[in-house]
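One letter stands for each residue in the lines below.
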Amino acid sequence: MKAKGVYEGLKRKILSKKAMVSIVGQGYVGLPLACEFARAGFKTAGIDLSSRKVEMINRGRSPVLDVKDEEIAELVLKKKRLHASTGYDSLRDSDVIIICVPTPLNKARDPDISFIVSATKEVAKRIRRGQLVVLESTTYPGTTEELILPELSRKSFKAGRDFFLCFSPERIDPGNRKYRVANIPKVVGGVTKNCTELGCLFYGAIIEEVIPVSSTRVAEMSKLLENTFRIVNIGLINELAIVASRLGVNIWEAVRAAATKPFGYMPFYPGPGIGGHCIGVDPLYLSWKARVLGAEIRFIELANRMNVEMPSYVVERSTYALNSVGKSINGAKVLVLGVAYKRDVDDIRESPALEIISGLKKLGAHVYYHDPHVPELRINGTGLHSVALSPSHLRGYDLVLIVTDHSSVDYKVVFRSSRLILDTRNALGDIKGSRKKIVTL
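Note that this is a predicted model, so its numbers are computed, not measured.

## Quick look at the packing of helix α2 (residues 30–39) against helix α4 (residues 69–78)
Packing of α2 against α4 brings their axes to within 10 Å, and their N-to-C directions diverge by 50 degrees. The pairing of α2 with α4 is recorded here as oblique in orientation. Handedness of the α2/α4 crossing: left-handed. Where α2 approaches α4, its residues Leu31, Cys35, Ala38 and Arg39 are matched on the opposing element by Glu71, Ile72 and Leu75. Residues belonging to the contact of α2 with α4 are distributed by class as follows: five nonpolar, no polar and two charged.

Right under this line is the structure:
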């Protein structure tokens, strides 16, 4: 088949929604994406190495909070447009393959792209003419062209002629009820013009606005730019929060006041640290790549250091809070309220709460936690379980430490029933009454 015929054939399949889709990775990014394509009429296969996730999906249940069980049941059991598997056999029959695998940091805090490498090798074993392959996993600029393209070209296939390759950064914000897959603008960059056009056409089937860019490197850089902007500004406001505390200034009130300026300012808020799969990880991919090229991005390194130090600062503030009421941290009963990395999710990856709990325990505190989304967790080999949250329980703690401000928690009850509170999220900011028992960052 001639190059134009391959391109036109895949284009017709996409426009008619007869293209079969496989999505490698069924977590916070891959599963919502799979649901959107299945809902739009595409036959969709989800691939994940977790047998638990696969079993749940095929039974009509959701393994992630942002997708409801009834959504999965509708697509899997009733319409039969979505199914999941731990194997890669569906890749042979798929017209579009999307890679949504994790890209964490290793112990040296350097990029770990082993999941991308592994997924790419599985795709390369099964690649055929007329397929569109898209990488969505966040990575350093150059990954798509330097790593994926050579692997897929081994059968003398040429990108833009025999197969089509794009990078389109994921922009999922777990727990965000306003912005979901369909209404978040989608950036798409291909290795050739034909690749970009097919990528945009494909995502345009489910997303309101698709933004083509000139290359995969630009698309890769755009994602890192988004999160570098955030890590730098969060690092700045965290540092200012420490200074504000020493000045006797409420940093949240100051931020709200500054945010009234209608131009030239965007509010960022302090917290106990950063976590999750994006802000605390993605910019370090760019920093690492810069070092490889003999350059240095000082802003990223400095902001990262500031944010990494915040859990230790929270432990210090906990000690200060207890000392202010004549209580030692050694032997104190401390309740950590919220251990997920952000509000209303169950994800504890890189969560500052884990370091805070470890730090409190090292100082001799008896630490408990409550999180409506995380029933149990392990820290340094020790298992912990979420405890009940009630007025009688709250009165039994020497300190209640708000680390994650889940919206389902009744903070008025927390305020009334606790003896002493360290609020790292301003969860009690709007609550009326005496604030003598509240300590902030």
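## Brief notes about unusual backbone geometry
Backbone geometry at Lys80 places phi at a positive 55 degrees, although glycine is not the residue there. Note on placement: Lys80 falls in the loop between α4 and β3 (82–85). Here the phi dihedral of Asp344 falls at roughly 60 degrees; this positive angle occurs in a residue that is not glycine. Mapping Asp344 onto the fold places it in the loop between β9 (333–337) and α13 (352–362).

## Let's talk about helix α9 (residues 216–247)
In this model α9 runs 47 Å from its N-terminal to its C-terminal C-alpha over 32 residues, within 8% of the 46 Å that 1.5 Å per residue would give. The backbone nitrogen of Arg217 lies 3.4 Å from a side-chain oxygen of the residue at the head of α9, namely Ser215. Downstream of α9 by a residue or two, Gly248 has a phi angle that is positive, lying close to 75 degrees.

## Re the environment of Asp347
Relative to the assigned elements, Asp347 resides in the loop between β9 and α13. With relative accessibility at 6%, the residue Asp347 sits in the buried group. The sequence separation of Asp347 and Gly275 amounts to 72 residues, and the corresponding C-alpha distance is 9.2 Å. In this view, Asp347 contacts Tyr28, Ala340 and Tyr341; residues no more than four positions away in its chain are not counted. Engagement of the side chain of Asp347 in a polar contact is seen with the side chain of Arg349, the distance being 2.7 Å.

## Regarding the nonpolar core
Side chains of a nonpolar character, in soluble globular proteins, are inclined to be buried together. Core analysis: the largest hydrophobic core is formed by 47 residues, its most contacted members being Val336, Val339, Leu360 and Leu401. Of all the secondary-structure elements, those providing two or more residues to this core are α9, α10 (251–258), α12 (298–323), β9, α13, β10 (366–370), β11 (376–379) and β13 (399–402). With eight residues, α12 is the single largest residue contributor to this core. The contacts of Leu401, once residues within four sequence positions are left out, are Val314, Ser318, Val334, Leu335, Val336, Leu337, Ile356, Leu360, Leu422 and Thr424.

Calculation rules
- Residues numbered from 1 in each chain as written.
- Predicted model: local features only at pLDDT ≥ 70, side-chain atom pairs only at ≥ 80, totals over all residues.
- Heavy atoms only, no water.
- Axes fitted to C-alpha atoms, helices over the stretch in contact; angles between N-to-C directions.
- Helix = DSSP H or I, 4+ residues; strand = E, 2+ residues; numbered from the N terminus.
- Parallel < 35°, antiparallel > 145°, perpendicular 65-115°, else oblique.
- Left-handed = near helix turned anticlockwise from the far one by under 90°.
- Contact = heavy atoms within 4.5 Å.
- Nonpolar A, V, L, I, M, F, W, Y, C, P; charged D, E, K, R; others polar.
- Expected span 1.5 Å × (residues − 1).
- Polar contact = N/O pair within 3.5 Å; in protein donor to acceptor, adjacent residues only side chain to side chain.
- Buried < 20%, exposed > 50% of the residue type's maximum accessible area, 1.4 Å probe, protein only.
- Core = buried A, V, L, I, M, F, W, Y, C linked by side-chain atoms within 4.5 Å.

Note that all results are geometric; they support no functional claim without further evidence.
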